[in-house]
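Take a look at the letters that make up each chain.
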Amino acid sequence: MAVERTLSIIKPDAVAKNAIGEILGRFEKAGLKVVALKMLHLSREQAEGFYAEHKERPFFGDLVAFMTSGPVTVQVLEGEDAVKKNRDLMGATNPKDAEAGTIRADFAETIDENAVHGSDSAESAAREVDYFFADEELCPRTR
Ligand code: IDP
């Protein structure tokens, strides 16, 4: 299986719950490596640009308001099958449908405030990593 990268965001609700460490710990315990990491408070323009594919959806305004309501952490995870592995750790978009033990089951209450984002394909991952990180901000492991 190929080593790949994926873009992960710990959303404002999970940051507000002081769950950054616990969520990053789940990625690490699953064998994913953090190769870039930053904390930022998204501007409206940044959130709208990131979620541009959803701009015609009825929930777009609420999504942007939520994503700009507090700080987030944005990280690049690297590992075998990283896109799917991260999606499996996250659980379903609606926490009510998320399997027990997933991040969304444990840290989210509603579909609009669902704790984490994860790229849904290798193509999205490449675009999303590039959206938040310059090449020189990625720190591949050397040991
Ligand atoms: P994903 O985050 O599991 O990939 P997407 O369908 O890509 O799910 O939606 C992006 C985000 O938009 C979701 O994580 C959630 O925060 C929000 N969202 C998706 N569907 C709804 C909805 O029906 N109502 C409110 N918010 C939604």
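About the cut-offs
- Residues numbered from 1 in each chain as written.
- Predicted model: local features only at pLDDT ≥ 70, side-chain atom pairs only at ≥ 80, totals over all residues.
- Heavy atoms only, no water.
- Helix = DSSP H or I, 4+ residues; strand = E, 2+ residues; numbered from the N terminus.
- Rg over C-alpha atoms; globule rule 2.2 N^0.38 Å.
- Buried < 20%, exposed > 50% of the residue type's maximum accessible area, 1.4 Å probe, protein only.
- Contact = heavy atoms within 4.5 Å.
- Areas by Shrake-Rupley, 256 points an atom, 1.4 Å probe, with all protein chains shown as cover.
- Phe/Tyr/Trp six-rings, centres within 6.5 Å; stacked < 30°, edge-to-face > 60°.
- Lys NZ or Arg CZ within 6 Å of the ring centre and 35° of its normal.
- Core = buried A, V, L, I, M, F, W, Y, C linked by side-chain atoms within 4.5 Å.
- Near = heavy atom within 4 Å.
- Polar contact = N/O pair within 3.5 Å; in protein donor to acceptor, adjacent residues only side chain to side chain.
- Pairing = 2+ DSSP bridges.
- Axes fitted to C-alpha atoms, helices over the stretch in contact; angles between N-to-C directions.

Asks: Explain the overall build of the protein here, please?
Replies: On a plain count of helices and strands, the protein comes out with 7 helices and 4 strands. The C-alpha atoms of the protein give a radius of gyration of 14 Å, which matches the 15 Å a tight globule of 143 residues would have. In terms of overall dimensions, the protein has a C-alpha envelope of 45 × 35 × 25 Å along the principal axes. Classification of the 143 residues of the protein by burial places 45% in the buried group. Taking the contacts inside the protein whose residues are at least 6 apart along the sequence as the reference set, 78% of them involve residues at least 24 apart. Taken as a whole, the protein presents about 7700 Å² of accessible surface, with 50% of it coming from carbon and sulfur.

Asks: Quick question: what am I supposed to make of the packing of aromatic side chains here?
Replies: Where two aromatic rings form a pair, the distance of their centres and the angle of their planes describe that pair. Summed over the entire model, instances satisfying the criterion amount to 4 aromatic pairs. Ring centres 5.0 Å apart and planes at 80° place the aromatic pair Phe50 and Tyr51 in the edge-to-face group. On the numbers, 5.3 Å between centres and 45° between planes, the contact of Phe50 with Phe132 is tilted. Residue Phe50 is located in helix α3 (residues 44-50), and its partner Phe132 is located in helix α7 (residues 122-132); the two are separated by 82 residues in the primary sequence. Of the residues examined, Phe50 reaches a relative accessible area of 4% and is grouped as buried. Each member of the aromatic cluster is reached from another via a ring pair, and the members are Phe50, Tyr51, Tyr131 and Phe132. Just above the ring of Phe133 sits the side chain of Lys38; from NZ or CZ to the centre is 4.7 Å.

Asks: Help me understand the nonpolar core, please; the structure alone is not making it clear to me.
Replies: Among soluble globular proteins, nonpolar side chains are generally buried collectively. Ranked by internal contacts, the top residues of the largest apolar core, which has 21 residues, are Leu7, Ile9, Met67, Val74, Val76, Phe132 and Phe133. The set of elements that each furnish at least two residues to this core consists of β1 (3-10), β2 (33-40), α3, α4 (60-67), β3 (72-80) and α7. Per-element accounting of this core gives the leading share, 5 residues, to α4. Dropping the residues within four chain positions of it, Met67 is found in contact with Ile9, Lys11, Pro12, Leu42, Ala47, Tyr51 and Val72. Ranked by size, the runner-up nonpolar core spans 17 residues in total, among them Val15, Ala82, Ile103 and Ala108.

Asks: Just checking my understanding: could you explain the site of the ligand for this structure?
Replies: As a matter of local geometry, the ligand sits amid Lys11, Tyr51, His54, Phe59, Leu63, Arg87, Thr93, Arg104, Ile111, Asp112 and Asn114. With respect to the ligand, the side chain of Arg104 contributes an N or O atom lying 3.1 Å from an oxygen atom. Within the backbone of Ile111, one N or O atom sits 3.4 Å away from an oxygen atom of the ligand. In the complex, the protein chains occlude 79% of the 520 Å² of accessible area that the ligand would expose alone.

Asks: When you look at the sheet that holds β2 in this model, what are you seeing that I'm missing?
Replies: The sheet built from 4 strands is open, its strands ordered β2-β3-β1-β4 with antiparallel pairing. Bordering the open sheet on either side are β2 and β4 (116-118), each of which pairs with just one other strand. Adjacent strand axes in the sheet meet at a mean angle of 20° when their direction is disregarded. In the sheet, β1 pairs with β4 via 3 bridges, with the strands oriented antiparallel. In the strand pairing of β4, Ile10 is matched with Val116.

Remember, this is a structural readout, not a statement about activity or role.
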